[in-house]
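Each chain is listed here by its residues.
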Amino acid sequence: MRLLLIILSIVSAFSFQSCEHEEGPRIGVAVYDFQDSYISEIRNAITNCSEGDVPVTVVDAALKQQTQNEQIEQFIREGYDAIIVNSVDRTASGVIIEKCRQNNVPLVFFNREPVKDDMAKWDKVYYVGSKAEDSGRMAGELLAEFWRNHPEADRNGDGIMQFVVIKGETGHQDTELRTEYFIETLLGEGISLEKLHEDTALWSRERGYEVMSSFLSRSGDAIEAVFANNDDMALGAIEALQEAGYFTGGKYMPVVGIDGTPAGQAALANGRLLGTVFQDAENQGKAAYRIARDLAEGREPSSESIGYALVDGHYVWIPYYPMPGEGISGDMLDE
């Protein structure tokens, strides 16, 4: 009898391990920071897509690349079938790719694009994002239109737009390209520019407030326009400007952001944010998930299977579009 119980126990143990192994594919999702509003929208889109489909496990690196490397290694050890990554440091993507290549675990990066050489290291690496230069161009067009239509915005009457830039993360492709094409577009519109200040706020609303407060303490009303690389930083800048008396009593500051987050759209509606450029978080999340699902289930992704155009076989580009504000109330401008 005792021998029978031992045999049954061994059979049961093997059956459990077998069920564990055969429960189906799984996808790991490694995100650089849960506190980032826009990335949270993509994360929510990924988890929503996974309901009733290949399940996902989402982890937060909290801005630490070493933590993210360890999380990815854990996914590999636990036998995940594909991994979606939003890198803390895009220049570290090569290490992640090599680790996954050695273990044959396909990768889908989103929002933080690995360099081309790293992408070329393996044929099971994909990227989903948006063309950063397009967002910078559209942001510049929004501000250029305001400048042309509101000559009173040139407060000192010198024919030059004195502006400041609040940048995202140094070295991030969106930071550099958004800023470059924003300035290039304004110059192309025939607007003379003087950049008074530029500083990084690391995509953070709180840091955006701090940076804008510093700009105001140094240059005050000499500042005539603000460009922030994302909506969170733009909203932080708006908080600092409100404390300085802007947006009422004839005192207005044009602030342009990027992302079109829900909070950003609310600021468009109340006139505090001049404009933003919508970056489609839902479709970025859907595309990243669908590619990873195909890979996890052993299929090669195609434009037909994921519902998005695969460019060069490994890239999906989700378009931006401009979102102008709903107007500026009369008490904001000196006519």
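The residue numbering used here restarts from 1 in each chain and proceeds along that chain's sequence as written. In view of the model being predicted, local features appear only for residues whose pLDDT reaches at least 70, and side-chain atom pairs are presented and counted only at 80 or more, with totals across whole chains, interfaces and linings using the full set of residues. Processing note: side-chain calculations cover all non-hydrogen atoms of the structure and skip hydrogens and water entirely.

## What to know about unusual backbone geometry
What counts here: Starting at the N terminus, helices and strands are each numbered in turn, a helix being any DSSP run of H or I of at least four residues and a strand any DSSP run of E of at least two. The classification of residues rests on relative accessible area computed with a 1.4 Å probe and restricted to protein chains. Under 20% of the type maximum is buried, over 50% is exposed, and intermediate values are partly exposed.
Positioned with a positive phi, Phe-247 is a non-glycine residue whose angle comes to about 75°. Assignment of secondary structure puts Phe-247 in the loop between α9 (231–243) and β9 (255–256). Backbone geometry places Asp-259, a non-glycine residue, at a positive phi of 135°. Within the element layout of this structure, Asp-259 appears in the loop between β9 and α10 (262–269). Using a relative accessible area of 4% as the deciding quantity, one classes Asp-259 as buried.

## What to know about α10
Using the following cut-off: Each direction from the helix axis to a C-beta atom contributes to the arc, which is the arc of those directions.
If you check which residues of α10 are buried, you get Gly-264, Ala-267 and Leu-268. The arc that holds every buried residue of α10, seen down its axis, measures 105°, which confines them to one face. Two residues or fewer after α10 comes Gly-271, characterised by a positive phi angle close to 85°.

## Overview of the environment of Leu-107
The condition that has to hold: Here, residues are in contact when the closest pair of their heavy atoms is within 4.5 Å.
Residue placement: Leu-107 occurs in strand β4 (residues 107–110). Through-space distance from the C-alpha of Leu-107 to that of Pro-324 is 36 Å; in sequence the pair is 217 residues apart. For Leu-107, the contacting residues outside a window of four places in its chain are Ile-83, Val-85, Ile-96, Ile-97, Cys-100, Lys-124, Val-125, Tyr-126 and Leu-295.

## Observations regarding the packing of helix α8 (residues 205–219) against α9
Note the following rule: For helices, the fitted axis covers only the stretch in contact; all axes are lines through C-alpha atoms, and the angles between them, taken along N-to-C directions, range from 0 to 180 degrees. Our angle categories are set so that under 35 degrees counts as roughly parallel, over 145 as roughly antiparallel, 65 to 115 as roughly perpendicular, and the remainder as oblique. Helix crossings fall into two classes, left-handed where the near helix is turned counterclockwise from the far one by less than a right angle and right-handed where it is turned clockwise.
The interhelical angle for the contact between α8 and α9, taken along N-to-C directions, is 45°, at an axis separation of 7 Å. Compared by their axis directions, α8 and α9 come out oblique. Handedness of the α8/α9 crossing: right-handed. Taken together, the residues of α9 that come into contact with α8 (itself represented by Arg-205, Gly-208, Tyr-209, Met-212, Ser-213 and Leu-216) are Asp-232, Met-233, Leu-235, Gly-236, Ala-237, Glu-239, Ala-240, Leu-241 and Glu-243.

## What about the packing of aromatic side chains?
The condition that has to hold: Here a Phe, Tyr or Trp ring, Trp counted by its six-membered ring, pairs with any other such ring whose centre lies within 6.5 Å, and the pair is stacked when the planes are under 30 degrees apart, edge-to-face when over 60, and tilted otherwise. Put simply, a charge is over a ring when the Lys NZ or the Arg CZ is close to the ring centre, within 6 Å, and near the line of the ring normal, within 35 degrees.
In this structure the tally under the stated criterion is 9 aromatic pairs. An angle of 40° between the planes, with centres 5.0 Å apart, marks the rings of Phe-278 and Tyr-321 as tilted. A residue pair is termed long-range when its members are at least 10 positions apart, and Phe-278 in strand β10 (residues 275–279) and Tyr-321 in strand β12 (residues 320–324) qualify at 43 residues. Assessed through its relative accessible area of 15%, Phe-278 is described here as buried. A relative accessible area of 45% places Tyr-321 in the partly exposed class. Members of the aromatic cluster, connected to one another through ring pairs, are Tyr-127, Tyr-315 and Trp-317. If you follow Lys-131 out to its NZ or CZ, it ends over the ring of Trp-317, 4.1 Å from the centre.

## Quick look at the confidence of the model for the protein
The condition that has to hold: For every residue, the pLDDT score states the predictor's confidence, bounded by 0 at the bottom and 100 at the top.
Per-residue confidence for the protein gives a mean pLDDT of 91; residues scoring 70 or more make up 91%. Counting interchain partners and residues more than four positions distant, the pLDDT-below-50 stretch residues 1–22 has 0 contacts.

## Overview of helix α11 (residues 281–296)
What counts here: To estimate how far a helix should extend, the number of its residues minus one is multiplied by 1.5 Å. Definition of a polar contact: a pair of N or O atoms within 3.5 Å, with one able to donate and the other able to accept a hydrogen when the atoms are protein atoms, and with sequence-neighbouring residues admitted only if both atoms are side-chain atoms.
The terminal C-alpha atoms of α11 lie 22 Å apart, and with 16 residues this matches the ideal 22 Å at 1.5 Å per residue to within 8%. Considered for burial, the residues of α11 that qualify are Ala-281, Gln-284, Gly-285, Ala-287, Ala-288, Tyr-289, Ile-291, Ala-292, Arg-293, Asp-294, Leu-295 and Ala-296. Residue Asp-280 occupies the N-cap position of α11, its side-chain oxygen lying 3.3 Å from the main-chain nitrogen of Glu-282. Just downstream of α11, Gly-298 is the residue with a positive phi angle, here 85°.

## Observations regarding the sheet that holds strand β5 (residues 125–129)
Here is the rule we go by: Pairing between strands requires that DSSP locate at least two bridges from one strand to the other.
Pairing is parallel in the open sheet, where 6 strands are placed in the order β2-β1-β3-β4-β5-β11. Edge positions in the sheet fall to β2 (56–60) and β11 (315–317), since each has one partner strand and no second. Averaged over neighbouring strand pairs, the angle between their axes works out to 15° when direction is ignored. Sheet topology note: the strand β1 (residues 27–31)/β2 ladder contains 5 bridges and is parallel. Of the residues in β2, the one forming a bridge with Val-31 is Asp-60. This element, helix α3 (residues 65–77), spans β1, β2 and β3 (82–85) of the sheet and lies at about 180° to β1.

## A look at the pairing of β10
Counted residue by residue, β10 has 5 buried out of 5 residues, so it is predominantly covered. Residues Gly-275, Val-277 and Gln-279 point to one face of β10 and Thr-276 and Phe-278 to the other, with burial holding for every one of them. By the bridge criterion, 5 bridges tie β10 to β12 in an arrangement that is antiparallel. Bridging across to β12, Gln-279 finds its partner in Tyr-320.

## A short note on the side chain of Gln-65
Checked against the element boundaries, Gln-65 lands in helix α3. Within the structure, Gln-65 has its side chain in polar contact with the backbone nitrogen of Val-88 (distance 3.4 Å). When residues no more than four places from it in sequence are discounted, the contact partners of Gln-65 are Ser-87, Val-88, Asp-89, Ala-92 and Ile-96.

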